[in-house]
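A closer look at the structure
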Amino acid sequence: MSTTPRLSGPFRVGDRVQLTGPKNRLHTITLREGGELHTHHGVLPHATLIGIPDGSVVVNSAGHEYLALRPLLRDFVMSMPRGAAIVYPKDAAQILSEADVFPGAVVVEAGVGSGALSLWLLRAIGDAGRLVSFERRPEFAEVAQANVETFLGHRPASWDVRVGDLVTELPTAVEPGTVDRVILDMLAPWECIDAVAEALTPGGVVLCYIATATQLSRVAEYIRNTGLFTEPDANETMVRGWHVEGLAVRPDHRMVAHTGFLLWARRLAPGAVAPEQKRRASKSSYGDEDVELWTPGAVGDRQITDKNLRKRVREAQKAADGARQAATGGGPVTVDETAEPDHLD
């Protein structure tokens, strides 16, 4: 089956639809025969939407208007159930660009989190590619798999999810020198660089998504000291919206600023030594002890309670069950379980 859901044409049973209602509140539903969206503003039968074009306006039982659109991938990842923090769309776009993820690529991802980046990677590699995702926590892997199935309506054959540590599991998942791209989204990516170097094909890219400057410093120095990669590059992306209405043109008061750093480098051929780069002499020297002081082992992690995580797993699995039911022509549903407004956690 294709990893790309239907993105155009009239709405049909099984399609996900994003409804913008009174006061710009959003509801995302999966169209079913006999289904209904119930809110305190009235009832909207799914049959009202089936067969009409994307971008239509419909009216519910109370006379309230709803704009109906297929949700974009960025809309879905910002509102889906989360086990771990997601990679924001602005960073996902940069990851695909800087790592040059292409159709048919063999990509390794660790960790999988809530599956947001997995969806972008699956779309980029297409049906001919292969994505191997590693996640240490089985609960996060469950949420990610359910979210991917919810958006796509099925489990893509190109996706292999493995619960475990990348360092120990990667050699059993791929042959040495066969991986095109590796994306590391974890607290201590430097612990995986040696295993990644073994798996990458010459010229392949390793890209690390890093939260703090201390982590950025440590992984850059580790990659540099292996002698197995090109000189690492790093950046961050900040997005500022603009208000544009007539002559009132000004930047928004709020912006999506720092979410993470990206650092990437390319694998050298076996035995190759990169030409030495001339740099200005550093004003200070450092040793291993200094690096450890700069980047202590406890770099910190935002914790989620077990109770909250179990709730997220149930939400994600419930959405995935609904998507699978709709994709296989399941029976009629009178009340849509996804009638609560989309949320940002």
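From a predicted model like this one, the values you see are computed outputs, not experimental measurements.

Okay, the pairing of strand β9 (residues 159–163) next. When strand β8 (residues 130–135) meets β9, the two strands line up parallel, connected through five bridges. What sits directly across from L131, in β9, is W159. In this fold, the crossover linking β8 to β9 by way of helix α4 (residues 138–152) has right-handed handedness.

Here we come to unusual backbone geometry. Each neighbour pair has its own omega, and for A110 with G111 the value is -15°, a cis peptide bond. With respect to the helices, strands and loops of the structure, G111 is situated in the loop between β7 (106–110) and α3 (116–125). Of note, K23 is a non-glycine position whose phi angle comes to about 60°, a positive value. Located in the positive-phi region is D100, a residue other than glycine, with phi close to 55°.

With five of six residues buried, β8 lies mostly within the body of the structure. Both β7 and β8 contribute to a ladder of five bridges, which runs parallel. Within β8, the position partnered with A110 by the bridge is F134. The parallel pair β7 and β8, bridged by α3, forms a crossover whose chirality is right-handed.

Our focus in this paragraph is helix α7 (residues 213–226). Its 14 residues give α7 an end-to-end C-alpha distance of 20 Å, which sits within 8% of 20 Å, the value for a rise of 1.5 Å per residue. G227 sits one or two positions beyond α7 and adopts a positive phi of about 70°.

Enumeration over the complete set of coordinates arrives at zero disulfides. Looking at the unpaired C192, the closest cysteine sulfur is the one in C208, lying at 8.7 Å.

This part takes up empty space enclosed by the protein. Applying the stated rule across the entire model yields three cavities of 30 Å³ or more. In this structure, the largest cavity spans a volume of roughly 70 Å³. Lining the largest cavity we find A85, I86, V87, E109, G111, V112, G113, S114, G115, A116, L117 and D185. Here the lining of the largest cavity is built from residues that sort into six nonpolar, four polar and two charged.

Turning our eyes to something else, we now look at a nonpolar patch on the surface. There is a patch of nonpolar side chains on the surface, built from V57, L67 and L69 and spanning about 220 Å² of accessible area. You can see V57 is positioned in strand β5 (residues 56–59). We classify V57 as exposed; its relative accessible area is 52%.

Turning our attention to the sheet that holds strand β2 (residues 26–30). Taken in spatial order, the four strands of this open sheet run β2-β1-β6-β5, and their pairing is antiparallel. Of all strands in the sheet, those bounded by a partner on one side alone are β2 and β5. Neighbour-to-neighbour, the strand axes of the sheet open up by a mean angle of 30°, direction not taken into account. Sheet topology note: the strand β1 (residues 16–20)/β2 ladder contains five bridges and is antiparallel. In the strand pairing of β2, R16 is matched with T30.

Here the focus is the nonpolar core. Judged by nonpolar contacts, the single largest core of 36 residues is most densely connected at V77, V107, L119 and I183. Among the secondary structure elements, those contributing two or more residues to this core are α1 (73–79), α2 (89–98), α3, α4, β9, β11 (200–210) and β15 (261–266). By residue number, the principal contributor to this core is α3, which donates eight residues. If near-sequence neighbours (up to four positions away) are discounted, V77 is found in contact with R82, I86, P89, A116, L119 and W120. If you look at the next biggest cluster of nonpolar residues, it comprises 31 residues, including V182, I193, A220 and F229.

On to the packing of aromatic side chains, then. Here the distance between the centres and the angle between the planes together describe a pair of aromatic rings. Enumeration over the complete set of coordinates arrives at one aromatic pair. Over the aromatic face of F140 sits the side chain of R137, whose NZ or CZ is 4.7 Å from the ring centroid.

When you line up the elements, G113 lands in the loop between β7 and α3. Residue classification places G113 among the buried residues on the basis of a relative accessible area of 11%. Along the backbone, G113 and V143 are 30 residues apart, and their C-alpha atoms lie at a distance of 8.1 Å. Residues in contact with G113, not counting those within four places in the same chain, are A84, E135, F140 and A144.

Taken together, the side chains of K307, R310, K311 and R314 make up a positively charged region of the molecular surface. As for its position among the elements, K311 is in helix α9 (residues 306–327). On the accessibility criterion, K311 (44% relative accessible area) is partly exposed.

Thresholds, definitions, all that
- Residues numbered from 1 in each chain as written.
- Predicted model: local features only at pLDDT ≥ 70, side-chain atom pairs only at ≥ 80, totals over all residues.
- Heavy atoms only, no water.
- Pairing = 2+ DSSP bridges.
- Helix = DSSP H or I, 4+ residues; strand = E, 2+ residues; numbered from the N terminus.
- Right-handed = clockwise from strand over helix to strand, strands pointing away.
- Buried < 20%, exposed > 50% of the residue type's maximum accessible area, 1.4 Å probe, protein only.
- Expected span 1.5 Å × (residues − 1).
- Disulfide = S-S within 2.5 Å.
- 1 Å grid on protein atoms, 1.4 Å probe; cavity = no way out; pocket = protein on both sides within 12 Å on 5 of 7 lines; lining within 4 Å.
- Points joined across faces, edges and corners; volume = space filled by probe spheres on them.
- Nonpolar A, V, L, I, M, F, W, Y, C, P; charged D, E, K, R; others polar.
- Patch = residues over 30% accessible without salt bridge, like charges linked within 9 Å, V, L, I, M, F, W, Y side chains within 5 Å.
- Areas by Shrake-Rupley, 256 points an atom, 1.4 Å probe, with all protein chains shown as cover.
- Salt bridge = Lys/Arg side-chain N within 4 Å of Asp/Glu carboxyl O.
- Axes fitted to C-alpha atoms, helices over the stretch in contact; angles between N-to-C directions.
- Core = buried A, V, L, I, M, F, W, Y, C linked by side-chain atoms within 4.5 Å.
- Contact = heavy atoms within 4.5 Å.
- Phe/Tyr/Trp six-rings, centres within 6.5 Å; stacked < 30°, edge-to-face > 60°.
- Lys NZ or Arg CZ within 6 Å of the ring centre and 35° of its normal.
- Lys, Arg positive; Asp, Glu negative; His and termini not counted.
- Charge placed at Lys NZ, Arg CZ, Asp CG, Glu CD.

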